[in-house]
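Each chain, letter by letter, is given below.
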Amino acid sequence: MAQIIKLKDKDTDFLEKIMELSGEQITLCEQCGTCSAGCPFVSEMDINPSQIMRLVMLGQESVMDSKTMWICASCFTCTVRCPRKLDLSKVSEALRQVTLRGAIDEIDIKEISDEEALKLPTIAVVGSFRKFTG
Amino acid sequence: MKIPYFPGCTLKTTAQNFEMSAIESAKKIGIEFIELPRWNCCGVVASLTSDDLMRHLAPVRNFIRVQEMNKQGLVKNENRLLTLCSMCYNTLSLSNLRMKNEADDLQKINDFMHREEENYDGNIEVVHFLSILEEMGFDKLAQKITKPLKDLKVASYYGCMLLRPKEVGIDDAEAPAILENFVKSLKAETVDWDAGSRCCGSYHTVNNVDIVYNLVKGIILDARKNGAEAIITSCPLCAFNLDVRQSEIKKDNPDFQTIPIFYFTQLMGIALGLDKKAVGLEFNKIDTEDILKKKKLI
Ligand code: SF4
Ligand code: SF4
């Protein structure tokens with residue numbers, strides 16, 4: 001299904017901020033779609049990983065409305081496959097950090113039931129808090 | 001051989017079966033794990049932004065512990081740090097890589113940790129137990145097996161953290177063979193399948209468990225389709241998702257056919273003649289004993 005995306009003027013500051021935080025030369029992305037094709041989470045995402053790259057490249061801060069970076073679990077599948085050797089897991093992390101550094105959490109710890117808290121392995125809890133809390 | 005060992009938080013809590021089976025199996029082949037004194041959590045997930053050096057403090061402190069162990073004579077000239085948990089392995093390795101490649105970052109961290117008695121010198125190597133076994137030679141391991149796992153069809157589940165990113169992967173990211181070679185050394189049968197390095201959903205298990213259910217279902221179905229009777233892993237988070245979450249899937253779908261999940265060291269222990277208690281089978285959620293009894297292994 002065709003999707004219509006309305007572009008705003010390019011916000012170069014936003015692009016540069018994400019490039020600096022991620023350490024990735026995002027403008028090198030050739031939009032081949034390899035990252036999206038292999039992402040095990042793509043069916044859970046509202047827009048796919050290569051679209052994230054495109055929107056950031058075009059300096060569209062509206063990319064922050066997407067949930068994709070919160071679904072990306074840094075599995076590094078795309079990282080090892082990108083023909084431009086770009087690390088999308090770092091781009092997702094940079095986008096998450098933009099929110100988290102504003103002291104906005106993505107997870108509400110109170111929503112975890114006592115029963116779950118007792119059974120979850122420590123690495124799940126620490127990993128989740130590191131990815132979802134600022 | 002005595003080697004400094006980093007257990008990490010989960011091996012002391014929900015993955016005790018991993019730790020006990022690994023320590024006992026290693027003993028059988030002449031490797032003694034010496035636990036780091038005063039180790040601390042590695043942080044679980046590697047920091048992926050360029051500017052948050054703070055997150056590398058936890059790994060670096062553990063590297064200093066290894067240096068101290070050498071000075072105290074707990075180990076002799078041993079700059080390797082052994083890990084079992086795949087996530088610890090990945091996080092410690094990625095931090096170490098940065099410390100080795102970025103002298104300025106290492107300097108900043110060393111300056112910050114003025115309370116540590118010594119600086120990290122950048123010379124520690126983080127290794128996974130599987131790499132130690134490979135280095136020793138899987139043929140040597142095969143010679144020590146007293147109870148061959150004959151006819152047991154084992155699917156090797158690598159997950160993400162053992163293989164990716166490439167700079168820290170213990171084998172080829174797309175076509176790994178180390179776990180299969182390990183399985184062969186125990187005289188079990190390997191399974192050719194697609195889902196061996198597909199993510200299990202990771203920490204989404206905390207607040208988005210449906211994602212995990214979907215991924216786990218896919219992984220188990222693929223294992224079944226290819227004839228697996230058991231799946232092995234080296235990650236306590238993969239193990240939780242594949243084992244505990246799989247049992248929940250079964251509860252909601254009685255027709256779902258489950259597959260037992262083992263830590264690779266549990267099967268290693270059985271093949272080396274350890275009993276089921278020594279490898280902690282009672283901690284596994286999905287029944288592991290039926291299949292082992294059927295194959296006359298316990
Ligand atoms: S694989 Fe790399 S080059 Fe291709 S679309 Fe994804 S980020 Fe861009
Ligand atoms: S790192 Fe993120 S975007 Fe890349 S494949 Fe994994 S989940 Fe998808």
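Located above this text is the structure these notes cover.
Residues numbered from 1 in each chain as written. Chains lettered and ligands numbered in written order. Predicted model: local features only at pLDDT ≥ 70, side-chain atom pairs only at ≥ 80, totals over all residues. Heavy atoms only, no water.

1. A short note on the pattern of salt bridges
Per the counting criterion, the structure on display carries 27 salt bridges over all chains. A salt bridge links lysine 110 of chain A to aspartate 108 of chain A, with the nearest nitrogen and oxygen atoms 3.8 Å apart. We classify lysine 110 of chain A as exposed; its relative accessible area is 75%. Residue classification places aspartate 108 of chain A among the partly exposed positions, given a relative accessible area of 35%. Its salt-bridge partner being glutamate 289 of chain B, residue lysine 276 of chain B comes within 3.1 Å of it at the nearest N-O pair. Separated by 13 residues along the polypeptide, lysine 276 of chain B in the loop between α10 (264-271) and α11 (289-294) and glutamate 289 of chain B in helix α11 bring together distant segments of the chain. Assessed through its relative accessible area of 19%, glutamate 289 of chain B is described here as buried. Three or more residues are tied together by salt bridges with common partners; here these are Arg38, Arg61, Arg65, Glu68 and Glu116 of chain B. (Salt bridge = Lys/Arg side-chain N within 4 Å of Asp/Glu carboxyl O. Buried < 20%, exposed > 50% of the residue type's maximum accessible area, 1.4 Å probe, protein only. Helix = DSSP H or I, 4+ residues; strand = E, 2+ residues; numbered from the N terminus.)

2. Focus: the sheet that holds strand β7 (residues 230-233) of chain B
All names here are of chain B. Reading across from one edge, β6-β5-β7-β8 is the order of the four strands in this open sheet, with parallel pairing throughout. The sheet is open, and its two edges are formed by β6 (189-190) and β8 (261-263), each paired on a single side. Relative to β6, strand β5 (residues 153-156) runs parallel, the two sharing two bridges. If you follow valine 154 over to β6, its bridge partner there is threonine 190. Strands β5, β7 and β8 of the sheet are contacted by α10, whose axis makes an angle of about 75 degrees with β8. (Pairing = 2+ DSSP bridges. Contact = heavy atoms within 4.5 Å. Axes fitted to C-alpha atoms, helices over the stretch in contact; angles between N-to-C directions.)

3. A closer look at the site of ligand 2
Around ligand 2, the neighbouring residues are Cys39, Pro40, Phe41, Pro49, Cys72, Ala73, Ser74, Cys75, Phe76, Thr77, Cys78 and Ser89 of chain A. Looking at the shell around ligand 2 residue by residue, the classes come out as nine nonpolar, three polar and no charged. (Near = heavy atom within 4 Å. Nonpolar A, V, L, I, M, F, W, Y, C, P; charged D, E, K, R; others polar.)

4. Some points on the packing of aromatic side chains
All names here are of chain B. Across all of its chains, the model carries 12 aromatic pairs over all chains by this definition. On the basis of an interplanar angle of 45 degrees and a centroid distance of 5.1 Å, the ring pair of phenylalanine 63 and tyrosine 120 is categorised as tilted. A residue pair is termed long-range when its members are at least 10 positions apart, and phenylalanine 63 in helix α2 (residues 57-72) and tyrosine 120 in the loop between α4 (103-112) and β4 (125-128) qualify at 57 residues. Considered together, phenylalanine 63 and tyrosine 120 belong to a single accessibility category, that of buried residues. Taken together, a centroid distance of 6.2 Å and an interplanar angle of 40 degrees make the contact between phenylalanine 129 and phenylalanine 264 tilted. With a gap of 135 residues between them, phenylalanine 129 in helix α5 (residues 129-136) and phenylalanine 264 in helix α10 connect regions that are remote in the sequence. Judged by its relative accessible area of 0%, phenylalanine 129 falls in the buried class. For phenylalanine 264, a relative accessible area of 0% gives the class buried. (Phe/Tyr/Trp six-rings, centres within 6.5 Å; stacked < 30°, edge-to-face > 60°.)

The quantities given are spatial measurements derived from coordinates; they are silent on function.
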